[in-house]
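# Tertiary structure, described
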Amino acid sequence: MEYLIGIQGPDFVLVAADNVAASSIIQMKHDYDKMFKLSEKILLLCVGEAGDTVQFAEYIQKNVQLYKMRNGYELSPAAAANFTRKNLADYLRSRTPYHVNLLLAGYDEADGPGLYYMDYLSALAKAPFAAHGYGAFLTLSILDRHYRPDLTREEAVDLLKKCLEELNKRFILNLPSFTVRLIDKDGIHDMEKLPVGPK
Amino acid sequence: MALSSVLRSESADFADSFNQPFAHGCGLKQAGLGFGEAVDDSLNFAVKPLGEGDEPERKIEFLHGTTTLAFKFQHGVIVAVDSRATAGSYIASQTVKKVIEINPYLLGTMAGGAADCSFWERLLARQCRIYELRNKERISVAAASKLLANMVYQYKGMGLSMGTMVCGWDKRGPGLYYVDSEGNRVCGDLFAVGSGSMYAYGVVDSGLRHDLTVEEACDLGRRAIYQATYRDAYSGGQVNLYRVHSDGWERVSQEDVLQLHIKYESEKA
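In what follows, the accompanying structure is described. Since we're looking at a predicted model, the values are computed, not measured. (Residues numbered from 1 in each chain as written. Chains lettered and ligands numbered in written order. Predicted model: local features only at pLDDT ≥ 70, side-chain atom pairs only at ≥ 80, totals over all residues. Heavy atoms only, no water.)

Positive phi is not limited to glycine here, since Ser24(A) has a value of about 55°. Along the chain, Ser24(A) falls in the loop between strand S3 (21-23) and strand S4 (26-29). One non-glycine residue, Lys136(B), adopts positive backbone phi at about 55°. By the element assignment, Lys136(B) lies in the loop between helix H2 (114-135) and helix H3 (141-153). Using a relative accessible area of 79% as the deciding quantity, one classes Lys136(B) as exposed. (Helix = DSSP H or I, 4+ residues; strand = E, 2+ residues; numbered from the N terminus. Buried < 20%, exposed > 50% of the residue type's maximum accessible area, 1.4 Å probe, protein only.)

If you want it as structure tokens, here you go:
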């Protein structure tokens, strides 16, 4: 039901998430933000079981901020991703595993942009593009077909729009709007919410 | 904060965040607000979001035999609830108070297990009072709902059944949060909870505007609950209406659904 997507360019990462917060068959909220700001240049996109998502994401968020307070500098995106994965893995075989699927997107001064895919079994993969949810089945092939590592920002947004149009066309569920953000060396930028098709 | 640590010490220990508390044998067949656990309850169909698990059955679950709703508008928050309690298909009571007065400026609604709702909201009232004493200012609606959500999250999966809306007025204006025992906590302008919620959504969605007058907003809330009780077997009794404004909440009215029916029918004619 929920959908996350990330596309990495040569000096930016573009991420988008749907805005629906659902409970059974009812949309409780149409403008729900599924992105959590871990630091000035790192975003964590989190979907999954009710309650687990917010609790886990806030836990990671606070710990990343605590690291900065203790040490005076921030965790890099790669370090944050591995920290997140380790936490997921530690809880996986406990009595309270977190059923969450994540995308972590960030920009590092030294390594550049990075997009990390994590799932509820605590897999971690750095990828040029990634998606979560049923919508991923429909859109990963579009990304495979049209993605190039040297995408410009406009081309990345167009590629994202292609994916969202496909969802609107073929996905059985209505996902009317998406929050879109871009991370580059200047930080996190909000882009216009993408409404695709008739609202 | 697990229940045991909340009751034991005032300075809640955040370090042992995932201490599994002693789970009482939860009797799921409470004569509460119709969490229909009766074996022959045919109205039990549930759809599981994110079918990543391996559940072979997919059912739509209309939980919590009740209808409660709340919405924000320019003059505050309207809270409207029905008053029927069911145990399976037996109507246990038609005069249940489903709005819980947490403190003079915060209200909570009740859907799901009656004991769960009233107990946890009473505990929330205690935590809100402690906050007030420590910080010398009223607790915000966001913080109160977060306290409640964190408390019940500890018991996730252990059979708590609670779908509540925390409504109040704080320095940011009217506040409305939906919190449930699954772990959801969502801020919004309009929520309806319970088996009759879909019917209520239909009426409120088509009539809600930000610039309603107090009278119009009360009528809308009343009408929505009435329509839900008309269609949903598990909702009925009376419509209890509250309004939250900048000075706190006030009880607006209590009207029997049958009287409302007669009134609306005569207006149609």
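Anyway, onward from the coordinates.
Evaluated as defined, the whole model comprises 12 aromatic pairs over all chains. Ring geometry for Tyr91(A) against Tyr98(A): centres 5.1 Å apart, planes inclined by 75°, an arrangement best described as edge-to-face. A single burial state applies to Tyr91(A) and to Tyr98(A), both of which are buried. A ring pair is formed by Phe119(B) and Trp120(B), whose centres lie 5.3 Å apart and whose planes are at 90°; its orientation type is edge-to-face. Residue Trp120(B) is classed as buried on the basis of its relative accessible area of 4%. Three or more aromatic residues link up through ring pairs in this structure, and these residues are Phe56(A), Tyr91(A) and Tyr98(A). Just above the ring of Tyr116(A) sits the side chain of Lys126(A); from NZ or CZ to the centre is 5.8 Å. (Phe/Tyr/Trp six-rings, centres within 6.5 Å; stacked < 30°, edge-to-face > 60°. Lys NZ or Arg CZ within 6 Å of the ring centre and 35° of its normal.)

What follows covers empty space enclosed by the protein. Within this structure, the stated rule accounts for one cavity of 30 Å³ or more. Every residue lining the largest cavity is listed: Gly51(A), Val54(A), Gln55(A), Lys146(B), Ala149(B), Asn150(B), Gly183(B) and Arg185(B). For the lining of the largest cavity, the secondary-structure elements that each account for two or more residues are helix H1 (52-71) of chain A together with H3 of chain B. At three residues, the largest contribution of residues to the lining of the largest cavity is made by H3(B). (1 Å grid on protein atoms, 1.4 Å probe; cavity = no way out; pocket = protein on both sides within 12 Å on 5 of 7 lines; lining within 4 Å. Points joined across faces, edges and corners; volume = space filled by probe spheres on them.)

Turning our eyes to something else, we now look at the environment of Val15(A). Residues and elements named next belong to chain A. Here Val15 shows up in strand S2 (residues 12-18). With 117 residues separating them along the chain, Val15 and His132 place their C-alpha atoms 12 Å apart. With sequence-adjacent residues up to four places away left out, Val15 is seen in contact with Ile5, Gly6, Met35, Leu43, Leu45, Ala105, Leu115, Thr179, Val180 and Arg181. (Contact = heavy atoms within 4.5 Å.)

Moving on: the side chain of Asn19(A). Residues and elements named next belong to chain A. As for its position among the elements, Asn19 is in the loop between S2 and S3. For Asn19, the side chain forms a polar contact with the side chain of Ser177, separated by 2.8 Å. Setting aside anything within four residues of it in sequence, one finds Asn19 in contact with Lys29, His30, Asp31, Tyr32, Ser177, Phe178, Thr179 and Lys193. (Polar contact = N/O pair within 3.5 Å; in protein donor to acceptor, adjacent residues only side chain to side chain.)

Consecutive side chains of a regular strand alternate in pointing toward one face of the sheet and then the other. All names here are of chain A. Most of strand S11 (residues 177-184) sits out of view: eight of its eight residues are buried. Here S11 shows no split at all, with Ser177, Thr179, Arg181 and Ile183 on one side and Phe178, Val180, Leu182 and Asp184 on the other all buried. The pairing of S2 with S11 spans seven bridges and is antiparallel. Within S11, the position partnered with Val15 by the bridge is Arg181. Here S11 pairs with strand S12 (residues 187-195) via seven bridges, running antiparallel. Across the sheet, residue Asp184 finds its bridge partner in S12, namely Gly187. Between S11 and S12, which pair antiparallel and follow one another directly, the connecting turn spans two residues. (Pairing = 2+ DSSP bridges.)

Residue and element names in this part refer to chain B. Sheet architecture is open: five strands sit in the order S5-S6-S7-S8-S9, paired in antiparallel fashion. Each of the sheet's edge strands pairs with one partner strand only, and the pair in question is strand S5 (99-103) and strand S9 (185-187). Averaged over all neighbouring strand pairs, the angle between strand axes comes to 20°, with direction disregarded. Here H2 sits on the sheet and contacts S5, strand S6 (106-109) and strand S7 (163-170); the angle it forms with S5, its principal contact strand, is near 15°. Along the sheet face, H3 touches S6, S7, strand S8 (173-180) and S9 and points at about 10° away from the line of S8. (Axes fitted to C-alpha atoms, helices over the stretch in contact; angles between N-to-C directions.)

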